[in-house]
Amino acid sequence: MDILAFYDRISGGNAVPATILSMSIMLLAGFLVTRITKKLHLPNVTAYIVAGILIGPFCLNLIPSHFVEATGFLPDIALAFIAFGTGEFFRLETIRKNGIKVFVITIFEVCTASILVFGLCYCIFGLPMPFSLILSALAAATAPTSTIMTIRQTGARGQFVDTLLQVVALDDMVSLIAYSVVISLATASLAGKAVDLYGSFFPFLLNIAVFILGGVFGYLIYLFMRNRHSTDNRLIIAIALMLSFCGIASVLNVSPLLGCMAMGAVYINLSDDDGLFKQLNYFNPPILLLFFVRSGISFDLGSLFVSGNFGAYPLIVVSIGYFLVRILGKYLGSMLGCRLAGTSRSVRNYLGLALIPQASVVIGLAELGARTIKGTMGNALMTIILSSGILYELVGPGAANVALYKSGSYVPEDGSTADQITESVDDIQEKEADQIPAKADIQSGEKEVKSPENNKQFGQMDEISPGKGKDKKSSSKKKDKSEEESSKKAQKSKNRNSKNKEKKSKNGNDRFVNLEEKEFEKGALEYFENQSKPDVKTKKSKDKKNSDKKNKESKKHKKESDRDNKGNNQ
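A. Geometry of the overall build of the protein chain. Within the protein chain, the secondary structure is distributed over 21 helices and zero strands. By the burial criterion, 44% of the 570 residues in the protein chain qualify as buried. Excluding contacts between residues fewer than 6 apart, the proportion of contacts in the protein chain whose partners are at least 24 apart in sequence is 80%. Entry remark: accessible area of the protein chain is about 29800 Å², with carbon and sulfur atoms responsible for 60%.

Here it is as structure tokens:
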């Protein structure tokens with residue numbers, strides 16, 4: 001079936017209906033495939049790429065080729081959204097704590113993975129040096145979307161997560177700089193031009209300039225957001241500035257990834273407002289879906305199993321080799337870097353597993369690379385990256401999940417992290433030690449609750465019995481002293497309980513709060529209420545007695561005066 005002829009027939013030669021129908025088919029196909037991958041616990045990126053393959057030219061052929069060519073801007077915009085979201089994790093307060101350690105780990109894991117991939121492609125598979133350099137630069141990157149998605153799904157947090165997010169963001173930055181230099185060298189080499197020092201360092205300097213420009217745009221976003229705007233206007237301002245920056249980067253023939261990362265980092269450090277990032281996370285899923293589905297449509301399945309077109313080995317062999325060797329390089333490099341940086345054993349043993357995912361950023365860079373070098377090498381680059389990307393998205397999230405769990409950062413269904421469960425052992429021991437005096441306070445509080453009532457009864461008996469004023473005063477003094485002691489004890493235990501509660505709330509261990517503390521607080525409150533009530537009643541009863549006494553005396557005086565008056569009259 002010729003889909004282009006079908007579109008022409010229903011649209012009368014107008015390209016607008018074909019474009020709208022193509023976008024709707026891509027969105028629906030991506031959504032429907034996610035219903036299947038969700039049951040298999042696979043990430044959405046895998047579903048989008050598979051959906052693109054299914055509706056692409058090698059299967060159903062539902063999308064015309066001119067639509068794919070006309071949407072060449074999608075990689076730049078998708079990379080801009082991904083990079084801006086990654087910039088959220090470049091907080092200065094976190095970088096100050098782990099900056100040197102993260103830098104050491106990133107350098108070692110990036111260099112190890114890149115060197116091993118270059119050796120595989122150039123020395124073993126015999127691929128051209130420019131192509132091997134491009135693949136080695138791409139091997140350094142890690143997919144931030146898959147990593148962040150896995151962290152959010154598990155609810156993981158802690159030192160391992162902080163280190164992981166910073167390493168992922170930093171190795172994408174290093175990969176982008178290396179890729180910019182390598183792609184310039186590869187382009188000059190393929191064009192037969194001599195490679196000089198200026199040609200080698202100019203792309204690096206250009207990316208640094210774009211990075212600084214991205215920081216300026218992040219400051220502009222901050223200035224615009226300082227004034228109070230509605231939610232819609234905030235989103236419009238952010239997207240307008242991001243697209244403006246993407247346009248400038250496209251004119252300079254530079255990837256917008258590094259500058260958008262700087263844009264997000266500058267904004268989050270100046271404003272400390274993550275609301276904008278959440279808004280963009282709600283806005284960008286259709287754009288990312290179209291980008292990944294379009295990448296799947298461009299996937300050349302026919303070249304995977306054909307040898308001789310590019311190198312001596314089929315591209316499927318190169319893809320599997322790239323997939324395995326990069327994992328080995330990431331794991332060994334991160335372990336060596338963590339050992340030199342002096343990190344904990346959990347970070348050292350499992351960080352490499354969490355760095356396996358690779359799809360979003362690398363597919364965008366591969367799209368830009370294929371657009372730059374073109375021809376057979378460009379198609380081969382996209383085929384290798386997409387096929388290995390599917391494997392990474394199948395294995396990567398599961399490996400990251402295992403790494404988060406084994407490192408003690410994974411959150412079980414009861415809401416407590418393994419880190420917190422481990423740390424809470426000391427808290428429980430402290431709580432049990434605190435409960436010993438608390439129980440004694442409860443018992444003393446119960447005794448003291450009874451004693452004021454008894455004192456009240458004795459006070460009433462003293463009032464009735466004459467000649468016991470001294471005993472009455474001494475009992476009242478004892479009562480006041482016992483009330484003061486009980487209030488001090490209750491206040492101390494209350495402060496102790498509040499401190500324990502604050503400690504529990506910080507670690508997320510509210511489930512360890514003991515019921516005896518609540519009972520004690522309740523008993524203490526009831527005690528003070530009861531103490532206040534008898535005093536009021538006692539006061540009222542004394543006032544009543546005094547008034548009754550005065551009334552009796554006045555009646556007595558009245559009777560005597562009446563009697564005297566009668567006597568005088570007689």
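Resuming the write-up.
B. View of the side chain of Glu-393. Among the structural elements, Glu-393 can be located in helix 18 (residues 375-406). Buried within the structure, Glu-393 lacks any salt-bridge partner; its nearest side chain of opposite charge belongs to Arg-326, at an N-O separation of 8.8 Å. With residues near it in sequence (within four places) discarded, Glu-393 still touches Pro-43, Val-45, Thr-46, Ala-143, Ser-146, Pro-357, Gln-358 and Ala-359.

C. Region of interest: the packing of helix 5 (residues 74-86) against helix 12 (residues 257-271). Direction vectors running N to C along helix 5 and helix 12 enclose 40°, while the axes themselves pass 7 Å from each other. Considering the angle they form, helix 5 stands oblique to helix 12. Both helix 5 and helix 12 take part in a crossing whose hand is right-handed. Between helix 5 and helix 12, the residues in contact are Leu-79, Ala-80, Ala-83, Phe-84 and Thr-86 and Leu-257, Cys-260, Met-261, Met-263 and Gly-264, respectively. Looking at side-chain class alone, the contact of helix 5 with helix 12 contains eight nonpolar, two polar and no charged residues.

D. Up close: the packing of aromatic side chains. Applying the stated criterion across every chain yields a total of 11 aromatic pairs. Where Tyr-48 meets Phe-292, the ring centres are 6.4 Å apart and the plane angle is 20°; that geometry is what we call stacked. Linking Tyr-48 in helix 3 (residues 44-55) with Phe-292 in helix 14 (residues 285-297), this pair joins segments that are 244 residues apart in sequence. According to the relative accessible area criterion, Tyr-48 is buried, its value standing at 12%.

E. Summary view of helix 2 (residues 15-39). The end-to-end C-alpha distance of helix 2, which contains 25 residues, comes to 37 Å, matching closely the 36 Å that a straight helix rising 1.5 Å per residue would cover. Among the residues of helix 2, Ala-18, Ser-22, Met-26, Ala-29, Gly-30, Val-33, Thr-34 and Thr-37 are the ones counted as buried. Backbone geometry just downstream of helix 2 places His-41 in the positive-phi region, at approximately 60°.

F. Local environment of the confidence of the model for the protein chain. Chain-level statistics for the protein chain give a pLDDT mean of 75 and a share of 67% at 70 or above. Per-residue pLDDT stays below 50 along residues 416-475; that stretch engages in 69 contacts with residues further than four places along the chain or on separate chains. In this model, residues 501-516 is a region of pLDDT below 50 whose contacts with residues beyond four sequence positions or in other chains number 26 contacts.

G. Just helix 14, in detail. With 13 residues, helix 14 extends 18 Å from end C-alpha to end C-alpha; this agrees with the ideal 18 Å at 1.5 Å per step. For helix 14, a buried count of 11 out of 13 residues is recorded, marking the element as mostly surrounded by other parts of the structure. Burial in helix 14 covers these residues: Ile-287, Leu-288, Leu-289, Leu-290, Phe-291, Phe-292, Val-293, Arg-294, Ser-295, Gly-296 and Ile-297.

Parameters at a glance
Residues numbered from 1 in each chain as written. Predicted model: local features only at pLDDT ≥ 70, side-chain atom pairs only at ≥ 80, totals over all residues. Heavy atoms only, no water. Helix = DSSP H or I, 4+ residues; strand = E, 2+ residues; numbered from the N terminus. Buried < 20%, exposed > 50% of the residue type's maximum accessible area, 1.4 Å probe, protein only. Contact = heavy atoms within 4.5 Å. Areas by Shrake-Rupley, 256 points an atom, 1.4 Å probe, with all protein chains shown as cover. Lys, Arg positive; Asp, Glu negative; His and termini not counted. Salt bridge = Lys/Arg side-chain N within 4 Å of Asp/Glu carboxyl O. Axes fitted to C-alpha atoms, helices over the stretch in contact; angles between N-to-C directions. Parallel < 35°, antiparallel > 145°, perpendicular 65-115°, else oblique. Left-handed = near helix turned anticlockwise from the far one by under 90°. Nonpolar A, V, L, I, M, F, W, Y, C, P; charged D, E, K, R; others polar. Phe/Tyr/Trp six-rings, centres within 6.5 Å; stacked < 30°, edge-to-face > 60°. Expected span 1.5 Å × (residues − 1). pLDDT = per-residue confidence, 0-100.

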